[in-house]
Each structure stands twice: as C-alpha cells, then as structure tokens.
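Descriptive structure summary
Residues per chain, in single letters:
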Amino acid sequence: MLQLPKINIKYWMLMIIATTIGEIVGNLISRNFELGYSKGSIILSIIYILSIALVVKLKKNGLLQYWFLIVAGNIAGTNYADFITIEPLKLGTIYGSLLILALLVFILLIWKFIAPKSNLEGKLSDSIFYLYWLAILMSSTFGTTAGDFLSNDTPLGAGGGSLLLLGILAVVFLLDKLNKISFEISYWIILILIHPIGATIGNYISKPAGLDLGNIWTSIFLISLFLFLFFKKAYHKHS
C-alpha cells in the first residue's frame, strides 16, 4: 500500500512550480536538445513507467520519490501534448485539448468507480497508484494543450490566460474551504486547473511575449525555486 503526501497549501505551491518545470524542461528536451516530440515522448515514457514500477516494487513512498514522479510526468506530458498538437498528429490546440480532456474524464470515471472515497487521504493500493499516475500524466498533457491554446490562440495571451486560470482556481479553493464540494472532487479540479496554469506561466517566463528568459535559464530558475521551497521547512507526509 502506498500513500500520497499531505495535501496543503505548500503541496499546491510545489505542484504549480512542478507543472511549470514540466512545461519548460519538456520544451528543452524536445527543442533545445533537438530530440523532437516523438523521440522525446518515447524516452520520457520509458523513464516515467520504469520509475513508477520501481516505486511500487520497492515500496518507497517518500516525498522525493513522489515529487520526482510528478515532475517526470509533467515533462512527459509536455512532450505528449506537442506530439498531439504540433507534430506528427497535428491536431492543433483545440482538438488536442478536447481529445486529452475526454481521456482524462474517462480515467477519472474509472477512478470514481473502483477507488474508495477516502483514498486520497489514506493509502492507495498498487492498482489505484498506477491509475493515479496515469491521471497525472493526462492532466499534464491537457495542461500543455490548454495552456498553449490560451497563450497562442486567444487574445488573452500567456499573461491573461494565467490570470484567468488563477481566478478560477481561487473560486474552487473557496468552494472547497466552504465545504460546498467534496475533497476528492476539489482535488481533481484543482489539479487539472493547475496544469494549464503551469503551462501559461512557463510560456510567459520563457518566451519573447513575456520575460523571454529562454528554456535553459527558466529551467534553472524554476528548479532552484522548487528545491528552496521543498527544503525550507520540514514537509511531513501522513503518519
């Protein structure tokens, strides 16, 4: 049996940074390293699958393992998104987003059917653990396709898209605090919203339309910020 970290404000802050890292490092691998979307997706898929299997096999459920998988899933999801929307499938950001969202909803319906209601705050069986990481991967892929849609195909741009998504996110947080929606529903909604937020923030920091720091310097900055926040105070998982 495996268990998720404690889900609190610090968790969500780390998640936003991790999704942004995934957006930038994913672009770094496929574009700066010139691996392309197909080779990048294959390599990152192998790393992601083997890492999950190793965690389950060794029953190592520490915070470092969890956040490594989160970042790896987000990097892989970024490459999947570009594989679907740009090359070779060329579906574009609208149809690509709709396709991935449909797959994500299907995964979450399966989750709802087979997973106990309290599983996010308790322990996960191995099968549910695999399903969780598949949902993370699809959330990341959707985040990049939807984030790119807001950044590139709407008048909002990266900055406006980020503000819009952050506003929606604030509403969901408020509904959760007021107990208007269940913890499980709010968790998945927030998780899905955070991924396009990470994509739009990443686009704003790295691209000429925003701060234009580029993929390499943005990656260094975000990884440093993540590590600083992670190690600043003890971040305890459930006992």
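Given the structure is predicted, the values throughout are model-derived calculations rather than measurements. (Residues numbered from 1 in each chain as written. Predicted model: local features only at pLDDT ≥ 70, side-chain atom pairs only at ≥ 80, totals over all residues. Heavy atoms only, no water.)

Remarks on the environment of Leu222
Inspection of the secondary structure assignment puts Leu222 in helix α8 (residues 214-232). Note on Leu222: relative accessible area 4%, which makes it buried. Separated by 204 residues in the primary sequence, Leu222 and Ala18 place their C-alpha atoms 8.2 Å from one another. Leaving out residues up to four positions away in the same chain, Leu222 has contacts with Ile17, Thr20, Ile21, Ile24 and Ile205. (Helix = DSSP H or I, 4+ residues; strand = E, 2+ residues; numbered from the N terminus. Buried < 20%, exposed > 50% of the residue type's maximum accessible area, 1.4 Å probe, protein only. Contact = heavy atoms within 4.5 Å.)

Quick notes on the packing of helix α2 (residues 36-58) against helix α3 (residues 63-85)
The geometry of α2 relative to α3 is characterised by a closest axis approach of 9 Å and an angle of 155° between their N-to-C directions. Compared by their axis directions, α2 and α3 come out roughly antiparallel. Crossing geometry of α2 relative to α3 is assigned as left-handed. Of the residues in α3, those touching α2 at Gly36, Tyr37, Ser38, Gly40, Ser41, Leu44, Ser45, Tyr48, Ser51, Ile52 and Val55 are Gln65, Phe68, Leu69, Ala72, Gly73, Ile75, Ala76, Asn79, Tyr80, Asp82 and Phe83. Of the residues in the contact of α2 with α3, the class split is 12 nonpolar, nine polar and one charged. (Axes fitted to C-alpha atoms, helices over the stretch in contact; angles between N-to-C directions. Parallel < 35°, antiparallel > 145°, perpendicular 65-115°, else oblique. Left-handed = near helix turned anticlockwise from the far one by under 90°. Nonpolar A, V, L, I, M, F, W, Y, C, P; charged D, E, K, R; others polar.)

Some points on the pattern of salt bridges
According to the stated counting rule, one finds three salt bridges in the structure shown. When the shortest N-O distance is used, the salt bridge between Asp82 and Arg31 registers 3.4 Å. Taken as a pair, Asp82 in helix α3 and Arg31 in helix α1 (residues 9-32) lie far apart in primary sequence, 51 residues in all. When its relative accessible area of 1% is taken as the criterion, Asp82 is described as buried. Relative accessible area serves as the criterion here: at 33%, Arg31 is assigned to the partly exposed category. (Salt bridge = Lys/Arg side-chain N within 4 Å of Asp/Glu carboxyl O.)

Some details on the nonpolar core
Core analysis: the biggest nonpolar cluster contains 64 residues, and Tyr66, Trp67, Tyr132, Trp133 and Tyr187 have the highest contact counts within it. Of all the secondary structure elements, the ones that give two or more residues to this core are α1, α2, α3, α4 (92-114), α5 (126-152), α6 (157-177), α7 (183-206) and α8. Element by element, the count of residues in this core is highest for α5, at 12 residues. Ignoring sequence-local partners within four residues, the contact set of Tyr66 consists of Leu4, Pro5, Tyr11, Met15, Tyr132, Trp133 and Tyr187. (Core = buried A, V, L, I, M, F, W, Y, C linked by side-chain atoms within 4.5 Å.)

Side note on unusual backbone geometry
A cis amide bond, omega 10°, links Glu87 with the succeeding residue Pro88. Although it is not a glycine, Asn179 sits at a positive phi angle of roughly 60°. Structurally, Asn179 is set in the loop between α6 and α7.

Some remarks on the environment of Leu91
Locating Leu91 in the fold gives a position in the loop between α3 and α4. Under the relative-accessibility criterion, Leu91 is labelled partly exposed at 34%. Sequence-wise, Leu91 and Lys232 are 141 residues apart; in three dimensions their C-alpha atoms are separated by 42 Å. Those residues in contact with Leu91 that lie beyond four places of it in its chain are Ile84, Thr85, Gly96 and Leu99.

Considering the side chain of His195
On the secondary structure map, His195 appears in helix α7. Of note is the side chain of His195, whose polar atom sits 3.1 Å from the side chain of Asn74. Setting aside chain neighbours within four positions, we find His195 in contact with Thr19, Asn74, Ile136, Ser139, Ser140 and Gly143. (Polar contact = N/O pair within 3.5 Å; in protein donor to acceptor, adjacent residues only side chain to side chain.)

All we've got here are geometric facts, nothing functional implied.
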